[in-house]
Amino acid sequence: MASDAAPVLFWFGRDLRLGRNAALSAACAAGPVIPVFILDDEGVDRPLGGASRWWLHHSLAALAKNLEAHGARLILRRGRSCDVLAALAQETGARRVVAHRRYEPDAAAMQAEARRMLARSDAELDIVHETGRVAPEDLLTQQGRPYQVFGAFDRALKAREAPAERIADPTFSPPPSWPASEALSAWGLRPVSPDWASQFGEVWTPGEAGAQARLHRFLDEALQDYPENRDRPDRDGTSGLSPHLRWGEIAPDDVLAAARFRRHLEPGLEAQVAKLETELNWRAFGAYLLFHDPDLGRKAARPAYDKIRWRNDPVGFRAWSRGRTGVPIVDAGMRQLWRTGFMHNRVRMIVASFLVKNLLIDWRRGEAWFWDTLVDADPASNAMNWQWAAGSGVDAAPYFRVFNPVTQGERFDPDGVYVRRWVPELARAPAQAIHAPWTLPSGPPDGYPAPIVDLRETRLRALDAYRQALSA
Ligand code: FAD
C-alpha cells in the first residue's frame, strides 16, 4: 500500500546493487524510497566511453528488473545531477536525498553542488560512507601526508580491523506516486551501426546477479591457483570482476569477505586470499591517488616526465589500436579489447609499454583509448596504471624498464594459446616462432604484418628521450 509519508530519493551512483548497499538500506529505513539514476554528461570531467555505456545500459536494465521484483521502480533522468535532483525533490515532495559518498573529484564536486542546491529548498543530501572503505583523508603516513608508495599503503590497509557490519536487505514501501522515468532505450547507450559490442554479451552479464555468479565461479574454479595463474593470459585465472566493481554491482569488501569465508571452509588458501586482497588494494590505491591528485589522468605525477617529447605518429597509433603492429602479443591484446571490452592485466602492461616506449606516443592517448574501449574503464585505475607504464607515476616502474613483448609473450603465453585465440592469422604458426613470426624463414604468415618497429632500436630511442627529459 502506498505510504503518505514524504518519499526519500535514493541517488544511485557507482553502487548499482540492492544487496549489501548500506546507503540504500538506510534510505529504505527512513521512508518510502524513489530510486533514481542520473545520466550526467555535463557535470563530469569527461563523458563515459563507449564500452562503459554498453555496460551501463545492461546494468541499469538488470537493476530496474531487480527493483521491480522488490515492488519498486528505477527512475531514469538525464542532465546535470544537481539540477535533476532539485527538480525531482520539488516534483515528489522529497526532503531528503540519500547517496553513497563519491571520491572521484568531479563526482565529489557534484555531490557538494547538489547539497547546496537542495538546501535552498530545505531538502538535504545525506551522504553515507561506503561500508568497509577507509576515507582517503584519514589514511595518511606518520608525517600526515598521503602515501606515495603502494607497499606502505597496502600494509596500512591490511592492518586495519575489517568491521563485520551487517547490512539489512532493503525493504521498499511505495511512495504516494511515482514520478515519470525516461526510457532506458532512448538514452542510446548501446552502439548501433556498427554494433561493435555485438560479442560483449557472450562474455559478460552486467548486473548484481552476474557479479555474484562471476565471484562464485572464481572462488570455485580459480582462487586455488590465483597467485600462479593471474599473470597468464592463456589461462582463465583471474576473477573478471573489474567491470562489476566499476559499477558497484559488488563491493570490494564483499569480494574479500567471500574469499575469506572460502578460506575458512577450505584451509590452505591463505596465500591466495592475501594475493587477491593485494590486487583489490591496487584498485583502492588508484582511487586514493586520484582523490589526492585530481590531475592524475592529465598530468605526470612526477612533473619532469611531462618534458618528454612524445612522437606524433598517427600511423603507429592506428596500427596499435587496431591490433596490426606485427607484434603478436600486442595485437592479441588489442583485439581482445576490441572484441570483448576487456584485456588481461599482464597484456595491458605489455601493450601500454609498447605504445609509450616503443612507439614513444604520449600515455594519455593510450589512456583515452582504454577509456573508450574498456568495460571496466575507471578514471583512477586507468590513469594510475598508464602512469605506471610510462614511469611517471608516484610508485611506477623505473623508466628504463622497457618490456620486451617477445620475451613477455614467451614467458606468460608459452604455447601461444592466447595469441592464437585472438590473432587467427597466426593460428598455425609454429610454437617456437609464435611471438616473433618475422623470424620464420618465410616471414610472417599471409595476412599478418611485419613488425611496424624494430624493438631494439625503439627501446634505445625511448631511453634517450626519457634521459633527455629527465636531465633537462
Ligand atoms: P583480478 O586479478 O581478478 O583482480 C581482482 C580485482 O583487483 C580486479 O577486478 C581489480 O578491481 C583489482 N585490480 C587488479 N589489478 C589491478 C591493477 N593493476 N590496478 C588496479 N586494480 C587492480 N582496471 C580497472 O578496473 N579499470 C581500468 O580502467 C584499468 N585500466 C588499466 C590500464 C592499464 C594500462 C593497466 C596495466 C591496467 C589497468 N587496470 C584497470 C588494472 C587491471 O588490468 C584490471 O583491473 C584487471 O585486469 C581486471 O581483471 P580481473 O578483474 O580479472 O582482475
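Along every chain, residues carry numbers that run from 1 in the direction the sequence is written. Local features in this predicted model are restricted to residues whose pLDDT is 70 or higher, and side-chain atom pairs enter the listing and the counts only when it is 80 or higher, whereas totals over whole chains, interfaces and linings include all residues. Calculation of side-chain values draws on the structure's entire complement of heavy atoms; hydrogens and water are dropped beforehand.

Re empty space enclosed by the protein
Thought 1: Buriedness of a pocket was judged along seven lines, with at least five required to meet protein on both sides within 12 Å; pockets are open sets of points on a 1 Å grid over the protein atoms alone, cavities are sets where a 1.4 Å probe fits but cannot get out, and lining residues have an atom within 4 Å of a point. Grid points are joined across faces, edges and corners, and a volume is the space filled by probe spheres set on the points. For the structure on display, the rule yields one cavity of 30 Å³ or more.
Thought 2: Quantified by volume, the largest cavity comes out at close to 50 Å³.
Thought 3: Residue lining of the largest cavity: Met349, Ser353, Lys357, Trp388, Ala389, Ala397, Arg401 and Phe403, and that is the complete set.
Thought 4: Secondary structure elements follow DSSP: runs of H or I no shorter than four residues count as helices, runs of E no shorter than two count as strands, and numbering proceeds from the N terminus. If you list the elements that add at least two residues to the lining of the largest cavity, you get α14 (345-358) and α16 (379-390).

Quick look at the sheet that holds strand β2 (residues 33-39)
Thought 1: Here the rule is simple: two strands pair whenever DSSP picks up at least two bridges between them. Strand order in the open sheet formed by five strands is β3-β2-β1-β4-β5, and the pairing between neighbours is parallel. At either margin of the open sheet sits one strand with a lone partner, and together these are β3 (75-78) and β5 (124-128). Recorded for the sheet is a direction-independent mean angle of 30° between the axes of neighbouring strands.
Thought 2: Summarising the sheet, β2 and β3 pair through four bridges and their orientation is parallel. Bridge pairing in β3 links Val36 to Ile75.
Thought 3: Packing of helix α2 (residues 50-69) onto the sheet brings it into contact with β1 (8-12), β2 and β3, and relative to β2 it is tilted by some 170°.
Thought 4: Sheet strands in contact with helix α3 (residues 81-92) are β1, β2, β3 and β4 (96-100), and its direction is about 155° off that of β1. In this description, a line fitted to the C-alpha atoms serves as the axis of each element, helices being fitted only across the stretch in contact, and the angle between N-to-C directions of two axes falls anywhere from 0 to 180 degrees. Contacts between residues were defined by any pair of non-hydrogen atoms, one from each residue, lying within 4.5 Å.

Side note on the side chain of Glu367
Thought 1: Inspection of the secondary structure puts Glu367 in helix α15 (residues 363-373).
Thought 2: When accessible area is computed with a 1.4 Å probe and restricted to protein chains, residues below 20% of their type maximum are described as buried, those above 50% as exposed, and intermediate ones as partly exposed. For Glu367, a relative accessible area of 2% gives the class buried.
Thought 3: Not counting chain neighbours up to four residues away, the residues in contact with Glu367 comprise Arg46, Asn382, Ala383 and Trp386.

Digging into the environment of Ala436
Thought 1: Mapped onto the secondary structure, Ala436 falls in the loop between α18 (417-422) and α19 (455-471).
Thought 2: Ala436 sits in the buried class, given a relative accessible area of 11%.
Thought 3: Counting along the chain gives 107 residues from Ala436 to Ile329, while the straight-line C-alpha distance between them is 9.4 Å.

Overview of the layout of surface pockets
Thought 1: Considering only enclosed or pocket space, the second largest pocket measures out at about 1200 Å³ in volume.
Thought 2: Lining the second largest pocket we find 47 residues, and of these Glu279, Trp282, Asn345, Arg348 and Asn385 sit closest to its centre.
Thought 3: Broken down by secondary-structure element, the contributors of at least two residues to the lining of the second largest pocket are α9 (242-246), α11 (270-292), α14 and α16.
Thought 4: With nine residues, α11 is the single largest residue contributor to the lining of the second largest pocket.

A look at the UniProt feature "domain: Photolyase/cryptochrome alpha/beta" (unreviewed entry) in the protein
Thought 1: UniProt positions are given in the numbering used here, feature names are shortened, and annotations may be inferred rather than shown by experiment. Taking the numbering used here, the UniProt-annotated feature "domain: Photolyase/cryptochrome alpha/beta" (unreviewed entry) corresponds to residues 6-133.
Thought 2: Across residues 6-133, the secondary structure splits into 45% helix and 20% strand, with the terminal C-alpha atoms separated by 31 Å.

Examining helix α13 (residues 328-340)
Owing to its 3.6 residues per turn, the α-helix brings residues three or four apart onto one side.
Thought 1: Taking 1.5 Å of rise per residue, the 13 residues of α13 would be expected to cover 18 Å, and the 18 Å separating its terminal C-alpha atoms lies within 8% of that figure.
Thought 2: Burial analysis of α13 places eleven of its 13 residues in the buried class, which makes it a mostly covered element.
Thought 3: Those residues of α13 that sit buried are Pro328, Ile329, Val330, Asp331, Ala332, Gly333, Met334, Arg335, Gln336, Leu337 and Thr340.
Thought 4: Of the surrounding secondary structure, the elements contacted by the buried residues of α13 are α6 (200-203), α12 (314-322), α14, α15, α17 (405-412) and α18.
Thought 5: Looking one or two residues beyond α13, the residue adopting positive phi is Gly341, at roughly 75°. To estimate how far a helix should reach, multiply one less than its number of residues by 1.5 Å.

Topic: the packing of helix α5 (residues 150-159) against α11
Thought 1: Interaxial distance between α5 and α11 falls to 10 Å at its minimum, and their mutual angle equals 110°. Relative to α11, α5 is oriented roughly perpendicular. The interaxial crossing formed by α5 with α11 has right-handed handedness. Across from Phe150, Phe153, Asp154, Leu157 and Lys158 in α5, the residues of α11 making contact are Ala274, Glu277, Thr278, Asn281, Trp282, Ala284, Phe285 and Tyr288.
Thought 2: Side-chain classes follow a simple rule in which Ala, Val, Leu, Ile, Met, Phe, Trp, Tyr, Cys and Pro form the nonpolar group, Asp, Glu, Lys and Arg form the charged group, and the remainder, Gly included, forms the polar group. A breakdown of the residues in the contact of α5 with α11 according to their chemical character gives eight nonpolar, two polar and three charged. By the definition adopted for this analysis, an angle is roughly parallel if under 35 degrees, roughly antiparallel if over 145, roughly perpendicular if from 65 to 115, and oblique otherwise. If you view the pair so one helix is near and one far, a crossing is left-handed when the near helix is turned anticlockwise from the far one by less than a right angle, and right-handed when it is turned clockwise.

Details of the packing of helix α7 (residues 208-221) against helix α10 (residues 252-265)
Thought 1: Where α7 contacts α10, the axes come no closer than 11 Å and their chain directions differ by 30°. For the pair α7 and α10, the sense of crossing is right-handed. Contacts between α7 and α10 pair Leu215, His216, Leu219 and Asp220 from the former with Val255, Ala258, Ala259 and Arg262 from the latter.
Thought 2: Grouping the constituent residues of the contact of α7 with α10 by class yields five nonpolar, one polar and two charged.

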